[in-house]
Amino acid sequence: MSSSDTPIRVMLVADPGVAARRIRKIEAVFTAEAREVLADDVTVEIETRSVRISPDGTLDIKALGELDAEHLDADAVLMLTEVPRHDEGRPLVAEIFAENRTAIISYPTLGIWATKRRIREIFMDCLLRLLPDSHGPLQEKYKQRWTHWRPAEGKERHRLFARSGTGDLRTILGMTVANDPFRTAPKLSGALAGAAAVGAFGIFYYSIWQMADALSTARLLSIGVTAILSMVVWLIFTNRLWDKPTNRHLARVVWLYNGSTVLTLLIAVSVLYTALVVTILIGALVVIDPDFLAELIGNEISFFNYLDIAWLSAAMGVVAGAVGSTFDSSMDIRRITHGQRESQRRYSEEELG
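Residues numbered from 1 in each chain as written. Predicted model: local features only at pLDDT ≥ 70, side-chain atom pairs only at ≥ 80, totals over all residues. Heavy atoms only, no water.

Trainee: Got a minute to help me understand the packing of helix H1 (residues 18-37) against helix H3 (residues 115-130) in this structure?
Mentor: Describing two packed helices takes the angle between their axes plus the distance from one axis to the other. At a minimum axis distance of 10 Å, the contact between H1 and H3 shows a crossing angle of 45°. Compared by their axis directions, H1 and H3 come out oblique. Our pair here, H1 against H3, has a crossing hand that is right-handed. Across from Arg22, Ile23, Lys25, Ile26, Val29, Phe30, Glu33, Ala34 and Val37 in H1, the residues of H3 making contact are Thr115, Lys116, Ile119, Arg120, Phe123, Met124, Leu127 and Leu128. Tallied by class, the residues present in the contact of H1 with H3 amount to 11 nonpolar, one polar and five charged. (Axes fitted to C-alpha atoms, helices over the stretch in contact; angles between N-to-C directions. Helix = DSSP H or I, 4+ residues; strand = E, 2+ residues; numbered from the N terminus. Parallel < 35°, antiparallel > 145°, perpendicular 65-115°, else oblique. Left-handed = near helix turned anticlockwise from the far one by under 90°. Contact = heavy atoms within 4.5 Å. Nonpolar A, V, L, I, M, F, W, Y, C, P; charged D, E, K, R; others polar.)

The structure is reproduced here in structure tokens:
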């Protein structure tokens, strides 16, 4: 630990949502580690706010100066944003602006594994680079094996890039986590209501029982997958969730946005489908008499017969529920994706002019 008696004040700033929740979870550990490495008199404060987006779809770096101006007493400002940053054909994990005593870290580029540890270590790495050398030496343990630092535009600015190969995949997965796919399913209340209404018919219609018994497991699985994919496609195009690049420079970034949108909706709709299967299965076990079902299909009855009925009925319901999703709040559905959320905090040309 450094022998310096000068108090150190660190501001942790995060975008609302997953980024803010992650910072709150690491606050105590990060503070303890900063005090151990730097000095006993380290204070850490947390603030939730968003940095605006420029018309070209990139993070407004100039706004960081405003951010720093609001925290003149801070020795370092570390911001965790949900905006995926990409430059030179690779994901940009972090960027240090020494003149502003500010570093910005892109949460999606961290992937989905050990994100709290990665945030803490990258925060410490950036903090040590921002503070004077007397506060403590850079430590090898804070360097990420899958990243490397590169200077940019002089000594006052440094960038941390993800190594090529898995960087884009890690970013898509990180963006998907930031979209909170498991919290998305409740926003599809209209779809769920329509799916449940149609799926319930499967409990009472003999022809569905017979069809479920006649179909092979592979075909039933393919029907379920087709139903899920159909609903995902419907949600994307009816709610205009597919982003298009405004220029060639943004083509790769928009590909990341669309990839995370598809993956987010696949997870959300799969959760909805699973909930529907369980609900219909319980209803079928209560309503359908085993002896009557055995007499109808001419075979010995097992639990899997009920599961097949529930699976086929849920597939029918999900396809019908896609239409119901049209009546959900379009604002709620659009906010589940990165591109749509960021468009709400993007500067217009008039604001800049």
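Still more ground to cover, so stick around.
Trainee: For this particular structure, what's the right way to read the nonpolar core?
Mentor: Grouped burial of nonpolar side chains is what soluble globular proteins tend to show. One finds Val10, Phe30, Leu38, Leu78, Phe123, Cys126 and Leu127 to be the most contacted residues of the largest nonpolar core, which totals 41 residues. Of all the secondary-structure elements, those providing two or more residues to this core are strand E1 (8-14), H1, strand E2 (42-48), strand E3 (76-81), strand E5 (90-97), strand E6 (102-106), H3 and strand E8 (157-162). Those residues in contact with Phe123, other than ones at most four positions away along the chain, are Leu12, Ile23, Ile26, Phe30, Leu78, Leu80 and Ile105. (Core = buried A, V, L, I, M, F, W, Y, C linked by side-chain atoms within 4.5 Å. Buried < 20%, exposed > 50% of the residue type's maximum accessible area, 1.4 Å probe, protein only.)

Trainee: Honestly, the environment of Gly298 in this entry has me stumped. Any pointers?
Mentor: With respect to the helices and strands, Gly298 occurs in the loop between helix H11 (290-297) and helix H12 (303-324). Considered as a pair, Gly298 and Gln210 are 88 residues apart in the sequence and their alpha carbons are 9.6 Å apart.

Trainee: Could you clarify how one ought to interpret the pattern of salt bridges in this entry?
Mentor: Pairing is possible between side chains of opposite charge, provided their charged atoms come close. This model, assessed by the stated rule, comprises nine salt bridges. Between Arg85 and Glu95 there is a salt bridge, with the nearest N and O atoms lying 2.8 Å from each other. A residue pair is termed long-range when its members are at least 10 positions apart, and Arg85 in the loop between E3 and strand E4 (86-87) and Glu95 in strand E5 qualify at 10 residues. Each member of the pair, Arg85 as well as Glu95, is classed as buried. Here Arg129 makes a salt bridge to Asp125, at a shortest N to O gap of 3.0 Å. (Salt bridge = Lys/Arg side-chain N within 4 Å of Asp/Glu carboxyl O.)

Trainee: Just to check I follow, could you spell out the packing of aromatic side chains for this structure?
Mentor: Any aromatic ring pair is given by two values, namely how distant the centres are and how the planes are angled relative to each other. Summed over the entire model, instances satisfying the criterion amount to seven aromatic pairs. Relative to Phe292, the ring of Tyr206 has its centre 5.4 Å away and its plane inclined at 65°; by these criteria the two rings are edge-to-face. You can see Tyr206 sitting in helix H8 (residues 206-214) and its partner Phe292 sitting in helix H11, a full 86 residues away along the chain. Judged by relative accessible area, which is 35%, Phe292 ranks as partly exposed. An aromatic cluster is present here, built from Tyr206, Trp209 and Phe292 joined pairwise through their rings. Between the NZ or CZ atom of Arg90 and the centre of the ring of Phe161, over which it lies, the distance is 4.8 Å. The residue whose ring lies beneath Arg170 is Trp146, and the NZ or CZ to ring-centre distance is 4.3 Å. (Phe/Tyr/Trp six-rings, centres within 6.5 Å; stacked < 30°, edge-to-face > 60°. Lys NZ or Arg CZ within 6 Å of the ring centre and 35° of its normal.)

Trainee: Explain the packing of H8 against H11 to me, please; I cannot follow it from the model alone.
Mentor: Closest axis-to-axis distance for the H8/H11 pair is 10 Å, and the angle between their directions is 70°. Accordingly, the angle class assigned to the pair H8 and H11 is roughly perpendicular. Where H8 crosses over H11, the handedness of that crossing is right-handed. Residues Tyr206, Trp209, Gln210 and Asp213 of H8 lie in contact with H11, whose contacting residues are Phe292, Leu293, Leu296 and Ile297.

Trainee: Explain helix H9 (residues 217-238) to me, please; I cannot follow it from the model alone.
Mentor: Side chains of residues three or four places apart in an α-helix project in the same direction, reflecting 3.6 residues per turn. Taking 1.5 Å per residue, 22 residues should reach 32 Å; H9 reaches 32 Å between its end C-alpha atoms and fits that length. Buried residues of H9: Leu220, Gly224, Ala227, Ile228, Met231, Val232, Leu235 and Ile236, and no others. The buried residues of H9 occupy an angular sector of 165° when projected down its axis, which confines them to one face. Opposite the packed face of H9, turned more than 90 degrees from it, sit the exposed residues Ala218, Arg219 and Phe237. (Expected span 1.5 Å × (residues − 1). Arc of directions from axis to C-beta.)

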